[in-house]
Amino acid sequence: MNIPPSHVNATRLYGQRFDEDPASVYREIRGVHKSVAPVLLDGDMAAWFVFSYRDVHQILSNPRLFGRDARRWNLYDQIPEDWPLAPFGSWGPSVLHTEGAEHQRRAGAIGDALDAVDRVELARICEHTADQLIDSFSREGTADLIGQYAQQIPIRVITRLYGIPEEEIPALVADTEAAATETPGALAAHMRVVGRIAQMIAERRAAPGTGLPARMVTHPANLTDDELTHDMHIVLMGAQQPTADWIGNTLRLMLADSQFSLTLQGGRGSADQALNEVLWKDTPVQNLIGRYAIQPGELGGHRIDKGDLLVLGLAAANADPRVRPDTFGNGAVNRAHMSFAQGEHSCPFAAPELAEVMARTAIEVLLDRLPDVELAVPPEEVRWRPAAWVRGLYSLPVQFMPTERLSPAALIT
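Quick caveat, the model's predicted, so the values are computed rather than measured.

Participant: It is not clear to me how the packing of aromatic side chains should be interpreted in this structure. Could you clarify?
Facilitator: Pairs of aromatic rings are described using the distance from one ring centre to the other and the angle between the two planes. The final tally for this structure, using the stated rule, is eight aromatic pairs. Measuring from centroid to centroid gives 5.9 Å for Phe-18 and Tyr-26, while their planes differ by 75 degrees, and the two rings are edge-to-face. Grouping residues by exposure puts Phe-18 and Tyr-26 together as buried. Centroid distance Trp-73 to Trp-83: 5.7 Å. Interplanar angle 45 degrees. Geometry classified as tilted. Here Trp-73 is found in the loop between strand S4 (66–67) and helix H4 (86–89), whereas its partner Trp-83 is found in the loop between S4 and H4, with ten residues between them in sequence. Residue Trp-73 is classed as buried on the basis of its relative accessible area, which comes to 3%. Under the relative-accessibility criterion, Trp-83 is labelled buried at 4%.

So, in structure tokens, the structure goes:
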């Protein structure tokens, strides 16, 4: 890849250092640049990194100046077939890459369908799911709260909202996990997940019934089967990893941070505070690819050409000293973070609230069932996955007093 003159001395947003400590790279960039910096992505693909809270907000709020369709990228035809960021930077037929009236039509259907989800029923499903998972390891006295808990909850809850029979859920969970890897079977797993959603759409066409898929199928937006399949797949995947990492990152904070360890059993308030604190400090979605300049202009003192890619640094914007809460107390109640993005391409209406119900319920049920849970390793040994785009933990090993007490649902069955 030929590096343009504007990016000769650009910071690389990939590599071991960035994977291990992205916050230090953001600080370094902030010390040199005003609000926007030239960066190189994997394969030395040139882009602009927007790291100030104000400019990230401006870009997300101006779709007429900064488009979402990846085909606007002036380097789009140069993307290598094996580019690691292809899932983020390539165009797809889902709602993610639509613009204008088309986006409003499809995103509106998703928002309406999600907003109609009964929050009480959602919390009940989450509690039942959390209890089932805890029952599977509560007698052992040890567990990995990522692989055995946080990673499992969102996909199991969403598939229930989708009305997928319970006996099919384990295989769908396994395929969803495999599709997110770089293993040889990832593509086949992805196709099985998409195929199952397409089958679900066909079933709802024949007999809509009630629930989330029925609301999508019968929505006045008149989505086609292809649109429904891609958009409901995006809802599934968008709920899975960010929510799983939100749960895992929050549990890590509550178990490892001294500000929480003394009040670990402080009830709902402690969970709510920790959930919001994580969105400021260790937000699951770190960066967004991206937005594409619809016309040339200037941003942060740099010349931006038509079609240039803008990488939106949500984590860096949250760390902007001009907006970052100075104290834990303020951070617990200040919800002005950029973790769910902003503007018409932010998380679908109601999605952040539903994700919070899932995350909060998962944490509260765990602390209620295992009140003596603690880290099984020193906090510094808890390892983060490479954090360029989605920040989460490899594992969160814990220990607790083994218990024979099962959930009410398990006792009934």
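After that view of the structure, there is still more to cover.
Participant: I'm lost on the sheet that holds strand S11 (residues 397–399) in this one. Help?
Facilitator: Within a sheet, each strand pairs with its neighbour through backbone hydrogen bonds, oriented either parallel or antiparallel. Ordered in space as S5-S11-S10, the three strands form an open sheet in which the pairing is antiparallel. The open sheet has two edge strands with one neighbour each: strand S5 (142–144) and strand S10 (374–375). Inspection of the sheet shows S5 paired to S11 by three bridges, in the antiparallel sense. Each residue of the ladder has a partner; that of Thr-142, found in S11, is Gln-399.

Participant: Can you walk me through the side chain of Thr-176 in this structure?
Facilitator: Within the secondary structure, Thr-176 sits in helix H9 (residues 169–179). Classification of Thr-176 by relative accessible area gives buried; the value is 3%. A polar contact of 2.8 Å, which involves the side chain of Thr-176, links it to the backbone oxygen of Leu-172. Residues contacting Thr-176, with those up to four places away along its chain left out, are Ile-155, Val-193, Met-237 and Gln-240.

The rules we used
- Position numbers for residues start from 1 in each chain and track the written sequence from start to end.
- Owing to the predicted nature of the model, reporting of local features is limited to residues with pLDDT of at least 70; listing and counting of side-chain atom pairs is limited to 80 or more, with chain, interface and lining totals taken over all residues.
- Excluding hydrogens and water, the side-chain figures rest on all heavy atoms present in the structure.
- Pairing of aromatic rings covers Phe, Tyr and Trp, the last counted by its six-membered ring, and requires centre-to-centre distances within 6.5 Å; plane angles under 30 degrees mean stacked, over 60 mean edge-to-face, and any other angle means tilted.
- Burial here depends on accessible area, computed with a 1.4 Å probe over protein chains only, as a share of the maximum for the residue type. Under 20% is buried, over 50% is exposed, and the range in between is partly exposed.
- Helix and strand assignments come from DSSP, with helices taken as H or I runs of at least 4 residues and strands as E runs of at least 2, each series counted from the N terminus.
- Think of it this way: DSSP has to see at least two bridges between two strands before they count as a pair.
- Each polar contact in these results corresponds to two N or O atoms within 3.5 Å; when the atoms are within protein, one needs to be able to donate a hydrogen and the other to accept it, and residues that are neighboring in sequence are counted only if both atoms are side-chain atoms.
- Contact between two residues is taken to exist if any of their heavy atoms lie within 4.5 Å; hydrogens are not considered.

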